[in-house]
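Letter by letter, the chains look like this.
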Amino acid sequence: MYLARKRIVGGFEYYLRISVKEGKIWRSRDLLCLGEDPSLYLRYPGGKAFYVDESLEEALRAQGIETDQWELEEIFFRFVRPEIREYLRPYIYRSRPSGERLEREEALRVQARIHPFDRRRTIFLKFGGPRSETLLKRPLPFLYRMRDRSRDEIEQLLWTQEDRLRPREIVPYIYYAFALAEKFPSLLTRHLPEARLQEELDQAFLEALCDLARDEEYRMGLSEEEVLREYLSRYVILYFDATETQRRIFEERRRGIWARREAIVRAARYFGLSPEALERMSRREILALFRARAKSLHPDRGGDKEAFILLRRIFEELMEALGYRRRG
């Protein structure tokens, strides 16, 4: 039995669900709807204690589901009052039974049957960063919990863990989970990709997401529409929210590059030169070019005032575009 959440207008609605095997496929089944605030089912007898309302046990038992306070307390633990939760955290999880021990060869076979998308997400969330696939050459007991679960139960489990990702971890997590790091290995550095490459990355992410939705092994009996709506849509939100700042930096950088190029082309056209020739000129050569033209246009020498102002503006934009600064 597990706790599931579903997006609704203004928040989430929570359910108790169970994974049931139907033929060769594990499917989820609703047991009870808990509404928008599961904490309403918690009771506080005093001190640092809590328990789950016994009416839930009775409602579950009526559906043939046997449970107890230990299981329910762990399921509802995230909704416990913060000060009590912090005090009880070591005791709640210490009581969890240890995982099943498997022989090495059996453990490796189990790991190989877990979908790669689930493996990559679990590994990143476990270690706080990407790891080489060579890690899977040895048994990893924390992956066993992916066995004998419905697609919904797996997604709900990972969703809860993803809530603890720090903002700076979200983009690397998505790169790794969707295997984008293999297509863009240089992106997982402190250096930002160019704007054109960001667009390629966006396209690769969306293609990988759609490929995953078409993957029957991943869907586990669900339709493409269901997995996109219920599970994969959250990655679209995470990805574009997390890359918004990065995207803005790229756009500002791109505008800066265009403005620089436009200033050089405009000045080259004004002076009758090619942009390449103008970029090769030294600061002293550009000053000489400007002064020669300024002598004929200066109002004190009978030149046109507006033409002189235009020359001045072109010169200042050119110097800034080439990285020269006026001396005080």
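Structure: above.
Residues numbered from 1 in each chain as written. Predicted model: local features only at pLDDT ≥ 70, side-chain atom pairs only at ≥ 80, totals over all residues. Heavy atoms only, no water.

**With respect to the overall build of the protein chain**
Link 1 in the chain: For the protein chain, the count of helices and strands is 15 helices and five strands.
Link 2 in the chain: Contacts spanning at least 24 positions in sequence make up 58% of the contacts within the protein chain whose residues lie at least 6 apart.
Link 3 in the chain: Counting only carbon and sulfur atoms, one obtains 50% of the accessible surface of the protein chain, whose full area is about 19800 Å². (Helix = DSSP H or I, 4+ residues; strand = E, 2+ residues; numbered from the N terminus. Contact = heavy atoms within 4.5 Å. Areas by Shrake-Rupley, 256 points an atom, 1.4 Å probe, with all protein chains shown as cover.)

**Here's the deal with the side chain of threonine 67**
Link 1 in the chain: Structurally, threonine 67 is set in the loop between helix 1 (54–62) and helix 2 (69–76).
Link 2 in the chain: A polar side-chain atom of threonine 67 sits 2.7 Å from a polar atom in the side chain of glutamate 71.
Link 3 in the chain: When sequence neighbours within four positions are dropped, the list of residues in contact with threonine 67 reads Met1, Glu57, Leu60, Arg61 and Leu72. (Polar contact = N/O pair within 3.5 Å; in protein donor to acceptor, adjacent residues only side chain to side chain.)

**Some remarks on the environment of tyrosine 14**
Link 1 in the chain: Assignment of secondary structure puts tyrosine 14 in strand 2 (residues 11–22).
Link 2 in the chain: Given the relative accessible area of 10%, tyrosine 14 is considered buried.
Link 3 in the chain: Filtering out sequence-adjacent residues up to four positions away, tyrosine 14 remains in contact with Leu3, Ala4, Arg5, Leu32, Cys33, Leu34, Gly35, Glu36, Pro38 and Phe79. (Buried < 20%, exposed > 50% of the residue type's maximum accessible area, 1.4 Å probe, protein only.)

**Here's the deal with the packing of helix 5 (residues 116–127) against helix 6 (residues 151–162)**
Link 1 in the chain: Relative to each other, helix 5 and helix 6 sit at 25°, their axes nearing to 11 Å. Overall, the two elements helix 5 and helix 6 adopt an arrangement that is roughly parallel. Relative to helix 6, the crossing made by helix 5 is left-handed. Contacts between helix 5 and helix 6 involve Asp118, Arg121, Thr122 and Leu125 from the first element and Arg151, Ile154, Glu155, Leu158, Gln161 and Glu162 from the second.
Link 2 in the chain: Its residues assigned to classes, the contact of helix 5 with helix 6 comprises three nonpolar, two polar and five charged. (Axes fitted to C-alpha atoms, helices over the stretch in contact; angles between N-to-C directions. Parallel < 35°, antiparallel > 145°, perpendicular 65-115°, else oblique. Left-handed = near helix turned anticlockwise from the far one by under 90°. Nonpolar A, V, L, I, M, F, W, Y, C, P; charged D, E, K, R; others polar.)

**Some details on the pairing of strand 2**
Link 1 in the chain: Bridging between strand 1 (residues 2–8) and strand 2 involves seven bridges; their strand directions are antiparallel. Note on strand 2: the bridge partner recorded for arginine 5 is tyrosine 14.
Link 2 in the chain: Counting the residues in the hairpin turn of strand 1 and strand 2 gives two residues, including glycine 10, whose phi is positive at 90°.
Link 3 in the chain: Sheet analysis places strand 2 next to strand 3 (residues 25–35), joined by nine bridges and oriented antiparallel. Residue arginine 17 lies in a different strand from strand 3, and its bridge partner there is aspartate 30.
Link 4 in the chain: Between the antiparallel neighbours strand 2 and strand 3 lie two residues, among them glycine 23 with a positive phi of about 70°. (Pairing = 2+ DSSP bridges.)

**Digging into helix 11 (residues 224–242)**
Link 1 in the chain: Spanning 19 residues, helix 11 covers 25 Å between terminal C-alpha atoms, matching the ideal 27 Å at 1.5 Å per step.
Link 2 in the chain: Of all the residues in helix 11, the buried ones are Val227, Tyr231, Leu232, Arg234, Tyr235 and Tyr239. (Expected span 1.5 Å × (residues − 1).)

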